[in-house]
Amino acid sequence: MVQSINTKVDLVINATSHTGISEYGKIMIGDKGFEFFNSRDARKFIQIPWEEVDYVVASIMFKGKWIPRYSVQTKRNGTYTFSSKDPKKVLRVIREYVDPKRMVQSLSFFDVIKRGLRIKSKK
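The text that follows walks through the structure, step by step, so that each part is easy to find. Everything quoted here is computed from the prediction, not taken from an experiment.

What counts, and at which threshold
- Residues numbered from 1 in each chain as written.
- Predicted model: local features only at pLDDT ≥ 70, side-chain atom pairs only at ≥ 80, totals over all residues.
- Heavy atoms only, no water.
- Helix = DSSP H or I, 4+ residues; strand = E, 2+ residues; numbered from the N terminus.
- Buried < 20%, exposed > 50% of the residue type's maximum accessible area, 1.4 Å probe, protein only.
- Contact = heavy atoms within 4.5 Å.
- Areas by Shrake-Rupley, 256 points an atom, 1.4 Å probe, with all protein chains shown as cover.
- Lys, Arg positive; Asp, Glu negative; His and termini not counted.
- Charge placed at Lys NZ, Arg CZ, Asp CG, Glu CD.
- Patch = residues over 30% accessible without salt bridge, like charges linked within 9 Å, V, L, I, M, F, W, Y side chains within 5 Å.
- Salt bridge = Lys/Arg side-chain N within 4 Å of Asp/Glu carboxyl O.

**Some remarks on the overall build of the protein**
And then number 1: Scanning the protein for helices and strands turns up 2 helices and 8 strands.
And then number 2: Starting at the N terminus and walking to the C terminus, you meet the elements of the protein as β-β-β-β-β-β-β-α-β-α.
And then number 3: Summarising its shape, the C-alpha atoms of the protein cover approximately 55 × 30 × 30 Å along the three principal directions.
And then number 4: Put simply, the protein has 123 residues, and 35% of those count as buried.
And then number 5: If you take every contact in the protein between residues at least 6 apart in sequence, the share linking residues at least 24 apart comes to 43%.
And then number 6: Of the accessible surface of the protein, which amounts to about 8500 Å², a share of 53% is contributed by carbon and sulfur atoms.
And then number 7: Each charge class in the protein can be summarised by its mean position, and for the 24 positive and 12 negative side chains these summaries are 10 Å apart.

**Here's the deal with a positive patch on the surface**
And then number 1: On the surface, a cluster of positive charge is made up of Lys-65, Lys-88, Arg-92 and Arg-95.
And then number 2: Relative to the elements of secondary structure, Arg-92 occurs in helix α1 (residues 87-95).

**Quick look at a nonpolar patch on the surface**
And then number 1: Taken together, Phe-109, Phe-110, Ile-113 and Leu-117 make up a surface patch of nonpolar side chains, about 480 Å² in accessible area.
And then number 2: When you line up the elements, Leu-117 lands in helix α2 (residues 109-122).
And then number 3: Given the relative accessible area of 56%, Leu-117 is considered exposed.

**With respect to the pattern of salt bridges**
And then number 1: Going through the model one piece at a time under the given rule, you end up with 6 salt bridges.
And then number 2: Asp-54 is paired through a salt bridge with Arg-102; the nearest N and O atoms lie 3.4 Å apart. Within this pair, whereas Asp-54 is found in strand β5 (residues 53-61), its partner Arg-102 is found in the loop between α1 and β8 (103-105), the two being separated by 48 residues in sequence.
And then number 3: A relative accessible area of 21% means that Asp-54 is categorised as partly exposed.
And then number 4: Judged by relative accessible area, which is 34%, Arg-102 ranks as partly exposed.
And then number 5: One salt bridge connects Asp-111 with Lys-114, and the closest N-O pair in it is separated by 3.6 Å. Remark: Lys-114 and Asp-111 occur in helix α2; sequence separation between them is 3 residues, near one turn of the helix.

As structure tokens, then:
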């Protein structure tokens with residue numbers, strides 16, 4: 001069994017990790033970091049200390065009515081994407097430990113298209 005890095009747990013919720021093949025499990029948010037534990041295989045887990053979190057990126061649709069997924073971008077190890085049962089609750093708890101200026105909204109589909117057209121027109 002994996003040892004948790006948290007000493008105090010604020011939230012445990014069902015979630016899906018979208019790193020490679022989607023894996024189902026639980027997200028645990030506590031005082032020391034963000035953790036994901038796979039429900040089937042105890043060896044598959046993700047532990048991210050709060051000092052290592054660079055940005056939290058949320059994909060927001062329909063003016064904040066629906067958040068399908070969010071990503072935790074680390075300083076060294078890349079980006080981990082998750083979706084959960086109640087993403088607004090998860091992001092509110094994360095906001096207690098991560099600076100709100102480091103929590104950003106991802107680009108929409110049309111923003112990506114506009115950016116691509118601008119780059120294309122500059123060439």
